Amino acid sequence: MGTSWSARIVDAPPGCGDAIEDVLARIIAQMSNWEADSDISRFNALPIGAWTTLPSDMMTVLTAGLAMARLSGGAFDPALGQMVERWGFGPTGITGPEIVPAHLAPWTMIEIADQSARRLADVKLDFSGIAKGFAVDAVAEALRDLGARHFLVEIGGELRGEGFKPDHQPWWVDVEAPPRLSAPILRIALCGLSVATSGDYVRFRAENETHLSHSIDPSTGRPIGNDVASVTVLHESAMLADAWATAITILGHERGMALATRLDVAARLILRAGDGVMEYMTPALASMLD
């Protein structure tokens, strides 16, 4: 996944390290666009209209991604692969902004039935906005299956806490602030909760002195330019926290936080404002901090 993982486990049962490695290897084999023989790469290479059976984990992520696409009006899109590659954030490098994607609402060109899926147009699945969160959930499930009850799992900045630390304190986590911005510190206790943060400083590239975020707005086919520095979401599911953070980032502070408020999502958004920042918080998150 191009990142690191860590796990802090109280009274760790034997085999935890191997179990975590097995889970991550399975997810990479299914969902990595950087592996030519992964399930997602083979799906993207199938003839348009051809049905194929997907592994259960991949189907879970695809189903959740399509549901989030519907909720967000397409701001989150699990079939954004061509647009991602177009701007140089995919495995094939820059394909060129002048190349127009085959479809401006790629997620609508994916059809699923039972455990099978197919493409209805020349679009490509890309789970970069949801797979890390799913991996956190899957690792947590594997640890619970081994008998672990108190742990903190982290993959590329997405975290899930279960139970308590050895001193009976919760797993306290400080949310990373965007670099060079005086954003308020957000400290949260993860106990049966997950947190995910999306930021324009995490993955980007510069082109002609222009900062290009890896977050692509499907409605324009271009990197976002809405001054959203970061979005943090708390949720019982790390997968959904990951997806929500991506969707709110794309939608921006007005539409994104309005949608999160309406659907009772615990979220915080940091907006660049001149030399400073503005902080927005949904009522669901504010109530957790009281």
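Keep in mind that what you see is a predicted model, and the values were worked out from it rather than measured.

Rules behind the numbers
Residues numbered from 1 in each chain as written. Predicted model: local features only at pLDDT ≥ 70, side-chain atom pairs only at ≥ 80, totals over all residues. Heavy atoms only, no water. Core = buried A, V, L, I, M, F, W, Y, C linked by side-chain atoms within 4.5 Å. Buried < 20%, exposed > 50% of the residue type's maximum accessible area, 1.4 Å probe, protein only. Helix = DSSP H or I, 4+ residues; strand = E, 2+ residues; numbered from the N terminus. Contact = heavy atoms within 4.5 Å. Lys, Arg positive; Asp, Glu negative; His and termini not counted. Salt bridge = Lys/Arg side-chain N within 4 Å of Asp/Glu carboxyl O. Polar contact = N/O pair within 3.5 Å; in protein donor to acceptor, adjacent residues only side chain to side chain. Pairing = 2+ DSSP bridges. Axes fitted to C-alpha atoms, helices over the stretch in contact; angles between N-to-C directions. Expected span 1.5 Å × (residues − 1).

Enquirer: How should I be thinking about the nonpolar core in this particular structure?
Expert: The nonpolar side chains of a soluble globular protein tend to be buried, and buried together. Among the nonpolar cores identified, the biggest contains 64 residues, and Leu125, Phe127, Val233 and Ile248 are the most heavily contacted of them. Elements supplying a minimum of two residues to this core: α1 (16–31), α2 (39–45), α3 (56–71), α5 (131–146), β5 (151–155), β14 (228–235), α6 (238–262) and β15 (266–273). Discounting chain neighbours no more than four positions away, the residues touching Leu125 are Asn33, Ile40, Phe43, Asn44, Met58, Leu62, Pro78, Ala79 and Ile110.

Enquirer: What is the right way to look at unusual backbone geometry in this model?
Expert: Both trends apply: most residues other than glycine have a negative phi, and most peptide bonds are in trans. Residues other than glycine seldom take positive phi values, yet His168 does so here, at roughly 70°. The topology assignment puts His168 in the loop between β6 (158–162) and β7 (171–174).

Enquirer: Sorry if this is basic, but what is going on with the side chain of Asp77 here?
Expert: Within the fold, Asp77 resides in the loop between α3 and α4 (81–86). For the buried Asp77, which has no salt bridge, the nearest side chain bearing the opposite charge is Arg70, at an N-O separation of 11 Å. A distance of 3.1 Å separates the side chain of Asp77 from the backbone nitrogen of Trp107, its partner in a polar contact. With residues up to four places along the chain from it excluded, the contact list for Asp77 reads Ala105, Pro106, Trp107, Asp126 and Pro218.

Enquirer: Hey, could you run me through the pairing of strand β9 (residues 193–199) in this one?
Expert: If a strand is regular, its side chains alternate between the two faces of the sheet. Of all seven residues making up β9, six are buried, and the element is well covered by its neighbours. For β6 and β9, the ladder comprises three bridges, and the chain directions are antiparallel. Opposite Leu159, over in β9, you have Val195 as the bridge partner. Direction of pairing for β9 relative to β14: antiparallel, over a ladder of six bridges.

Enquirer: Is there a simple way to explain the sheet that holds strand β2 (residues 52–53) in this structure?
Expert: Note: strands within a sheet are paired through backbone hydrogen bonds, in either parallel or antiparallel orientation. Strands sit in the order β2-β4-β3 across an open sheet of three strands; the sheet is antiparallel. Every other strand in the sheet has two partners, leaving β2 and β3 (110–113) as the edge strands with one partner each. Relative to strand β4 (residues 116–119), β3 is paired through four bridges, and the arrangement is antiparallel. Bridge assignment links Glu111 to a residue of β4, and that residue is Arg118. The strands touched by α3 are β3 and β4; relative to β3, the strand with the most contacts, the crossing angle is about 125°.

Enquirer: Explain α3 here, please?
Expert: The periodicity of an α-helix, 3.6 residues per turn, causes residues three or four places apart in sequence to face the same way. For α3, which comprises 16 residues, the first-to-last C-alpha distance of 23 Å matches the rise-based estimate of 22 Å (1.5 Å per residue) to within 8%. Here α3 has its buried residues at Asp57, Met58, Met59, Val61, Leu62, Ala64, Gly65, Leu66, Met68 and Ala69. Check the buried side of α3 and you find it contacts α1, α2, β3, β4, α5 and α6. One or two positions beyond α3, positive phi appears at Gly73, with a value near 65°.

Enquirer: Would you mind going over the sheet that holds β6 with me for this structure?
Expert: Judged by pairing direction, the sheet is antiparallel, and its seven strands sit side by side in the order β1-β5-β6-β9-β14-β15-β16 without closing on themselves. Each having just a single partner strand, β1 (5–9) and β16 (276–281) make up the two edges of the open sheet. Each neighbouring strand pair of the sheet contributes to a mean axis angle of 10°, computed without reference to strand direction. Against the sheet, α1 touches β1 and β5, its axis set at about 145° to β1. Against the sheet, α5 engages β1, β5, β6 and β9, with an angle of about 150° to β5.

Enquirer: What is the right way to read the environment of Glu154 from this model?
Expert: As for its placement among the helices and strands, Glu154 is situated in strand β5. Along the primary structure Glu154 and Ser194 are separated by 40 residues, whereas in three dimensions their C-alpha atoms are 9.6 Å apart. Sequence-distant contacts of Glu154, that is, excluding residues within four places in its chain, are made with Ser4, Trp5, Ser6 and Leu159. Side-chain polar atoms of Glu154 contact the backbone nitrogen of Gly156, separated by 3.2 Å.

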